[in-house]
Amino acid sequence: VTGASGRPHPGSFRDPSGFLFERDGILLRQINRTYREPYEQLMTSGLYDALVQADLLIPHREVPAEPHDPERAYKVLQPDRVPFVSFPHEWCFSQLRDAAVASLRIQQVALTFGMALKDCPATNIQFVDGVPRLVDTLSFEPYAEGRPWTAYRQACQHFLAPLALMSYRDARLGQLLRTYLDGLPLDLASRLLPRRTWLRFSLFAHLHLHARAQTRWARSARPPSAGRVSRRGYEALVASLLAAIGNLSSPRPCGAWLTYRAEDSYTGEALVQKRRLVAECLDAVRPRLVWDLGANTGTFAQLATERGSLVVAADGDHDVVERNYRDAVERRDRRMLPLWLDITNPSPALGWANTERPSWAARGPADCLLALALLHHIAIGHNVPLGRFVDMLGALGRWAVVEFVPKDDPQVRAMLAHREDVFADYTMERFEREARRIFTVERVLPIPESPRTLFLLRSQRA
Amino acid sequence: LSAGPRGLAAALALAFVGAHLLAAQAAQPGRLGDPHIALAYVDPGAGSYLLQILLAAVLGAAAVLRGGIWRAWHRLRDWVKARLSRPSAR
């Protein structure tokens, strides 16, 4: 790439129609000349307006900025920035299903305007204001009757295959998307799915038969123009995929955390006091972006969303993320972004040259971290020393609200009941000493009627 | 015909899907050299591509059949309703 200043986005290089780049902290999209006609059709046909109004596409505006590669440039757009970028392996079943439904609805709407999606990767969808939206303006091409849908394979690999596995086998299989960035290989999905899925026409056709067709014709020299698909057939194919995905039932719960209730660790009054103290801390910090680490079903994350913060509510248990997401959708909490993420092994940098998808840590820092009833699980459950826990907090956030759970707490006693106590350093004094290396301790707030204590920490780097 | 009504139904369905497939093949646009092809940077996969042609024919034919049955049902229902609501000649 030649020319002007700015930095091409490391994950935007596959589509020759254009690419994202960043200049002076502003994210811009260059449209190449080769994409001139489709872009004009998108804008003038009414499709762009229809999709933006339906909350299916993020809006953009054309800006007079200098392109990053002027020789190939047609226009420069400034898309609305996604407040927090997440990836499909961090989504629970319902999030991935909603993303799939949004993609296929976009395809249906596009067809009515004489266009079609030329690609359909799950990463083209991002959750903005709680709603899955397409973020790639360059995903459209003119629909030509007779031509099959080029993104059909992608739609099956990125959406139907992982969703079917999560629904029929185990929700945790969704983590395969962390390895298979271009969607699940269909032969693998076909092998892992139970035999009864052969009896469902949609899964038989789009997955099992599809997997065999891929193997059978992998090296076929038949030109892609050799076959035609009628408009009616094309629409029926998309409708069939949509129905197949919509009919998948939610996976059975597979973790223990859904039955974990905050009430079990506190008396009624202690819980009320904890809520009050956490709210007090949030009011003092007034963060825009909060990461709730070990958020469970988002009880305390809600305190932040109610105060206008965008909350990334991370938890390593699929079922609680699923519950949190569904509850947030039900109460129309558009500031809650539940993510399925194990704090002890968060998403690494992935893809080409390890730069295509940034790691979890690289997407920070958050304005404020919530680490409530988390420390004992990390320090005792996962043998992570207190110093390393504090290092992690310092790397991820400018502020942190941390709950210290002492050894005489019933939860910690239960954790130590069947194992050797090798945690001589696990004391509140040691935690505070470690915290002061990186943070300023702004407040120490004992939770009334509970042995637990809240710390409000401000990073010295902030 | 020796297979009975099921065999006849299967043969008719196959013929219907075949006709749908042939009709789709008659559509002209989308050949190689079409400038739009240059936009499609995603590899559709040979197997996926060919399967899609077959599935689209089956699903498209099913959609036509379903539409036809639906229309016929509505016509029948309207006809019965009209007969029932007609005032007695006496």
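What counts, and where the lines are drawn
Residues numbered from 1 in each chain as written. Chains lettered and ligands numbered in written order. Predicted model: local features only at pLDDT ≥ 70, side-chain atom pairs only at ≥ 80, totals over all residues. Heavy atoms only, no water. Helix = DSSP H or I, 4+ residues; strand = E, 2+ residues; numbered from the N terminus. Buried < 20%, exposed > 50% of the residue type's maximum accessible area, 1.4 Å probe, protein only. Areas by Shrake-Rupley, 256 points an atom, 1.4 Å probe, with all protein chains shown as cover. Core = buried A, V, L, I, M, F, W, Y, C linked by side-chain atoms within 4.5 Å. Pairing = 2+ DSSP bridges. Contact = heavy atoms within 4.5 Å. Axes fitted to C-alpha atoms, helices over the stretch in contact; angles between N-to-C directions. pLDDT = per-residue confidence, 0-100. 1 Å grid on protein atoms, 1.4 Å probe; cavity = no way out; pocket = protein on both sides within 12 Å on 5 of 7 lines; lining within 4 Å. Points joined across faces, edges and corners; volume = space filled by probe spheres on them. Nonpolar A, V, L, I, M, F, W, Y, C, P; charged D, E, K, R; others polar. Phe/Tyr/Trp six-rings, centres within 6.5 Å; stacked < 30°, edge-to-face > 60°. Expected span 1.5 Å × (residues − 1). Salt bridge = Lys/Arg side-chain N within 4 Å of Asp/Glu carboxyl O. Parallel < 35°, antiparallel > 145°, perpendicular 65-115°, else oblique. Left-handed = near helix turned anticlockwise from the far one by under 90°. Patch = residues over 30% accessible without salt bridge, like charges linked within 9 Å, V, L, I, M, F, W, Y side chains within 5 Å.

Draft legend 1. Layout of the overall build of chain B. The number of helices and strands found in chain B is 2 helices and 0 strands. Per-residue burial over chain B gives 27% buried out of 90 residues. Carbon together with sulfur atoms contributes 69% to the accessible area of chain B, which is approximately 6200 Å² in total.

Draft legend 2. Quick peek at unusual backbone geometry. Residues and elements named next belong to chain A. The omega angle of the peptide bond from G364 to P365 is 0 degrees, so this bond is cis rather than trans. If you trace the backbone, P365 turns up in the loop between β12 (336–340) and β13 (366–371). Residues other than glycine seldom take positive phi values, yet R332 does so here, at roughly 55 degrees. Position of R332 relative to the elements: it lies in the loop between α10 (318–330) and β12.

Draft legend 3. How the structure looks around the nonpolar core. Within the largest apolar cluster, 116 residues are counted, with the highest numbers of intra-cluster contacts made by F140, W149, W291, W360 and F431 of chain A. Grouped together as the second largest cluster of nonpolar side chains are 28 residues, L277, V285, A313 and A373 of chain A included.

Draft legend 4. Main features of the sheet that holds strand β2 (residues 18–23) of chain A. Residues and elements named next belong to chain A. The sheet built from 5 strands is open, its strands ordered β1-β2-β3-β5-β4 with antiparallel pairing. Two strands bound the open sheet, and with one partner strand each, they are β1 (7–8) and β4 (60–62). Two strands pair when backbone bridges link them, and β1 and β2 are joined in this way by 2 bridges, in the antiparallel orientation. Directly across from R7, in β2, lies its bridge partner E22. This element, helix α1 (residues 36–44), spans β3 (26–32), β4 and β5 (73–79) of the sheet and lies at about 45 degrees to β5.

Draft legend 5. Quick peek at the confidence of the model for chain B. Residue and element names in this part refer to chain B. The predicted model of chain B has a mean per-residue pLDDT of 75, with 60% of residues at 70 or higher. The model gives residues 28–33 a pLDDT under 50, and that stretch makes 17 contacts with residues more than four places away or in other chains. Per the prediction output, this complex has pTM 0.90; the corresponding ipTM is 0.81.

Draft legend 6. Broad picture of empty space enclosed by the protein. Residue and element names in this part refer to chain A. The tally for this structure, following the rule as stated, stands at 2 cavities of 30 Å³ or more. As a volume, the largest cavity reaches approximately 60 Å³. Lining the largest cavity are P88, H89, A122, H158, L177, Y180, L181, G183 and R357. Grouping the amino acids of the lining of the largest cavity by side-chain chemistry returns 5 nonpolar, 3 polar and 1 charged. Space inside the second largest cavity adds up to approximately 40 Å³. Looking at side-chain class alone, the lining of the second largest cavity contains 7 nonpolar, 1 polar and 2 charged residues.

Draft legend 7. Expanded view of the packing of aromatic side chains. Residue and element names in this part refer to chain A. Summed over the entire model, instances satisfying the criterion amount to 12 aromatic pairs over all chains. Consider the rings of F84 and W291, whose centres lie 5.7 Å apart with planes at 85 degrees: the pair is edge-to-face. Of this pair, F84 sits in the loop between β5 and α3 (93–112) while W291 is found in strand β10 (residues 289–293), placing the two residues 207 residues apart along the sequence. Both residues of the pair, F84 and W291, count as buried. Members of the aromatic cluster, joined through ring pairs, are F404, Y426, F431 and F455.

Draft legend 8. A look at helix α8 (residues 268–285) of chain A. Residue and element names in this part refer to chain A. End to end, α8 covers 26 Å across 18 residues, agreeing with the expected 26 Å (1.5 Å per residue, within 8%). All of the buried residues in α8 are A270, L271, Q273, K274, L277, V278, A279, C281, L282 and V285. Residues of α8 that are buried make contact with β10, α9 (301–305), β13, β14 (397–404), β15 (439–446) and β16 (453–459). R286 occupies a position one or two residues after α8 and carries a positive phi of about 50 degrees.

Draft legend 9. Looking closely at the pattern of salt bridges. All names here are of chain A. Evaluated as defined, the whole model comprises 31 salt bridges over all chains. D136 is paired through a salt bridge with R29; the nearest N and O atoms lie 3.4 Å apart. Here R29 lies in strand β3 and D136 lies in the loop between β8 (131–134) and β9 (140–142), a separation of 107 residues in the sequence. Residue D136 shares its accessibility class with R29, and that shared class is buried. Connected through salt bridges with shared partners, the residues D391, D425, R430, E434 and R437 form a single ionic network.

Draft legend 10. Here's a closer look at the sheet that holds β14 of chain A. Residues and elements named next belong to chain A. Taken in spatial order, the 7 strands of this open sheet run β12-β11-β10-β13-β14-β16-β15, and their pairing is mixed. On the outer flanks of this sheet lie β12 and β15, each paired with one strand and no other. Averaged over all neighbouring strand pairs, the angle between strand axes comes to 20 degrees, with direction disregarded. As judged from the 6 bridges shared by β14 and β16, these two strands associate in the antiparallel manner. What sits directly across from A400, in β16, is L457. Relative to the sheet, helix α12 (residues 386–396) contacts β10, β13, β14 and β15, its axis offset from that of β14 by approximately 145 degrees. In the packing of helix α14 (residues 428–438) onto the sheet, contacts are made with β14, β15 and β16, and the angle to β16 comes to roughly 15 degrees.

Draft legend 11. Region of interest: the packing of helix α4 (residues 152–168) of chain A against helix α7 (residues 231–246) of chain A. All names here are of chain A. Closest axis-to-axis distance for the α4/α7 pair is 10 Å, and the angle between their directions is 15 degrees. The orientation of α4 relative to α7 falls into the category roughly parallel. Between α4 and α7 the crossing geometry is left-handed. From α4, Y152, A155, C156, F159, L160 and L163 reach across to α7, where they touch L237, L241, A244 and I245. A per-class count over the contact of α4 with α7 returns 10 nonpolar, no polar and no charged.

Draft legend 12. Summary view of the pairing of β15 of chain A. Residue and element names in this part refer to chain A. Summarising the sheet, β15 and β16 pair through 7 bridges and their orientation is antiparallel. Across the sheet, T440 pairs through a bridge with R458, a residue of β16. The hairpin turn running from β15 into β16, its antiparallel successor, is 6 residues long, and E449 in that turn takes a positive phi close to 60 degrees.

Draft legend 13. Looking closely at a nonpolar patch on the surface. Residue and element names in this part refer to chain B. Taken together, the side chains of W70, W73, L76, W79, V80 and L84 define a hydrophobic patch exposed on the protein surface, amounting to about 730 Å² of accessible area. Among the structural elements, W79 can be located in helix α2 (residues 46–85). For W79, a relative accessible area of 53% gives the class exposed.

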